Amino acid sequence: MARSSEGSNIEVELEKENSDSDDVPADPIRRDQWMSMLLEDEEDDLVGDELCGFQNEWTREPEEFVSQVKTQYNRLPGLKITLPESVTPSAVFSRFFTEELWMRLVTETNQYAEQTRSATPMSPSGKWSPVTLEEMKCFIGLCLTMGILKLPSRRDYWRQKKWLFQARLPEVMARDWFTMIWRYLHLQDNTDTSVDHSDKLWKVRGFLEYLTRRFQEVYEVDGHATVDESMVKFKGRLAFRQYLPLKPIKWGIKMWVMAESSTGYCTNFQVYSGHEGPAEKGLAHRVVMDLTRPYYGSHLSVYMDNFYSGVELYEEMKLKGLDACGTIRAGRKGLPPKPSVLPKPEYQVAQKDNLTFCAWQDTKVVMVLSNHHDPTATGKVHRRKHMKGVDLLDQMVGYYLFNHRSKKWWRRIFFFSLMVSCYNSYVVGRSAGWKAGSGYKDWVEDLAMELVTDVRVKSAAQHASRPAGAVHNVQVIFEKRKVCSVCSQKPGRAGATLYGCRQCNVPLHPKCLPEHRNSCFGLEI
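With that settled, consider the side chain of S370. In this structure, S370 sits in strand 11 (residues 365-370). From its side chain, S370 meets the backbone nitrogen of H372 in a polar contact 3.2 Å long. Here H373 takes part through its side chain, which lies 2.6 Å from a polar atom of the side chain of S370. Not counting residues up to four positions away in its chain, the partners in contact with S370 are Y314, A324, C325, N354, L355 and T356.

For the structure shown, the criterion picks out 14 salt bridges. One salt bridge in this structure joins E220 and K80, with 3.5 Å as the shortest N-O distance. In this pair, E220 sits in strand 2 (residues 219-220) while K80 sits in the loop between strand 1 (78-79) and helix 3 (89-93), placing the two residues 140 residues apart along the sequence. Residue class for K80 comes out partly exposed when judged on its relative accessible area of 42%. Residue D176 is joined to R175 by a salt bridge in which the shortest nitrogen-to-oxygen separation is 3.3 Å. Ionic contacts of the salt-bridge type, sharing partners, join the residues K70, K318 and D323 into one network.

Packing of helix 4 (residues 99-119) against helix 7 (residues 205-218) brings their axes to within 12 Å, and their N-to-C directions diverge by 165 degrees. Relative to helix 7, the element helix 4 lies roughly antiparallel. By crossing handedness, the relation of helix 4 to helix 7 is classed as left-handed. Where helix 4 approaches helix 7, its residues E100, L101 and R104 are matched on the opposing element by G206, F207, Y210 and L211. The class makeup of the residues in the contact of helix 4 with helix 7 is four nonpolar, one polar and two charged.

With that settled, the discussion passes to the pairing of strand 3 (residues 224-233). Of all ten residues that make up strand 3, eight are buried, and the element is covered over most of its length. Here strand 3 pairs with strand 7 (residues 301-304) via three bridges, running parallel. What sits directly across from A225, in strand 7, is V302. Bridge count between strand 3 and strand 5 (residues 251-260): nine bridges; the pairing is antiparallel. Bridge assignment links V227 to a residue of strand 5, and that residue is M258.

Rules used throughout
- Residues numbered from 1 in each chain as written.
- Predicted model: local features only at pLDDT ≥ 70, side-chain atom pairs only at ≥ 80, totals over all residues.
- Heavy atoms only, no water.
- Helix = DSSP H or I, 4+ residues; strand = E, 2+ residues; numbered from the N terminus.
- Polar contact = N/O pair within 3.5 Å; in protein donor to acceptor, adjacent residues only side chain to side chain.
- Contact = heavy atoms within 4.5 Å.
- Salt bridge = Lys/Arg side-chain N within 4 Å of Asp/Glu carboxyl O.
- Buried < 20%, exposed > 50% of the residue type's maximum accessible area, 1.4 Å probe, protein only.
- Axes fitted to C-alpha atoms, helices over the stretch in contact; angles between N-to-C directions.
- Parallel < 35°, antiparallel > 145°, perpendicular 65-115°, else oblique.
- Left-handed = near helix turned anticlockwise from the far one by under 90°.
- Nonpolar A, V, L, I, M, F, W, Y, C, P; charged D, E, K, R; others polar.
- Pairing = 2+ DSSP bridges.

Right, here's the structure in full:
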């Protein structure tokens, strides 16, 4: 009798195709069992090879929990370079700010000054000569000094009339020359056609990538890192300026940072410049994977807050050889149902493959997700034990940050990166045995003093021609009012003064001192 169903026709075709095989049973019922067994074996092989460890449901039954053993961090923590026996701040800092980076600052600054001044030749911006490497280091050293010795304005560091403002910066660099370097400081050639100008960060992209590489090449973290955001203060006009009302710095440029949990050493960071694409999805997921990319396969333990945590993220990190742990929001996709209010301080634990979910009752229900913790383990934990890395970095960088106003947004990022480099060098110096000072403040002070040199004379030849002991110092050395020797030769200037140059014993206005130096010794100041 002919069969009428489609399934029966398929059976007949299978029977005809496999009639020559001795391994296939002839009985249709036994044949169906045999085919289902083959499919089950193939699925088991696939799960064992590619999808091992991924189930579909969470379990809360303790007898069904599977114990996990955390894989150890497989990199050697600490220094990855060799430092001299006598560790000094400038020697360690030079491993981040290398000669290549210093020369880039000098070259781009001089090129930008030439381009700007040639475009506006009638601009009354003062006399300019190319800045040298020593002058650039002195300029950065003075910026570090201004971060420690804070005054309301940059000009206040050169004021001499009131003892309150009498700093020693005028003995190192003239105010006008410092202002000129500040005006033309630059990091990237504006006319370089090889640079993608559609990139919002093209002015600092090369500089930041270079620093990031140096951070990872000099020092290895100890196996525990924190991912969080930092804010660089800026209130000017900027397309990707952020407003975070719960942060101490509410307006500014947001930075994604990964730092060592114990020391705050910054090992990777990114500047948030807005959505990448018309409608970016999974921003937090993308940020964490980008920051941890250099550590794939190392079993680095990464800790984060509930903005970043997610089931899909932790599963992908586990596949990439990364361990993750952090608080998580109740509405995240893939989580077990949020437990009701528990008696304080009870908790509930659930497991899904390598993921462990724990919720305990504090002031409110706190939920934590991990891809490496053992759900059967019990004990005590310290609050924020591994979550303080980025907060510690922000704290230390903010102490002595050179934060003077500027309309150019990239300068804020530059000086923030400068202070991050300074703090990273401090962590490296401490790990190398530096004991010259008692803390980070001493490190910054010593670094500033080592960078600052006397650059008032523009060249070595001119410096050699300067008479020995020629110290031009304007003081009140005349009891009666005198006429300024410089002002008297130029009509229209008021000449009455009580000040004088003690070296030459001539009356001068304080502002006429540079002109007096030129006329006396023929030097360009």
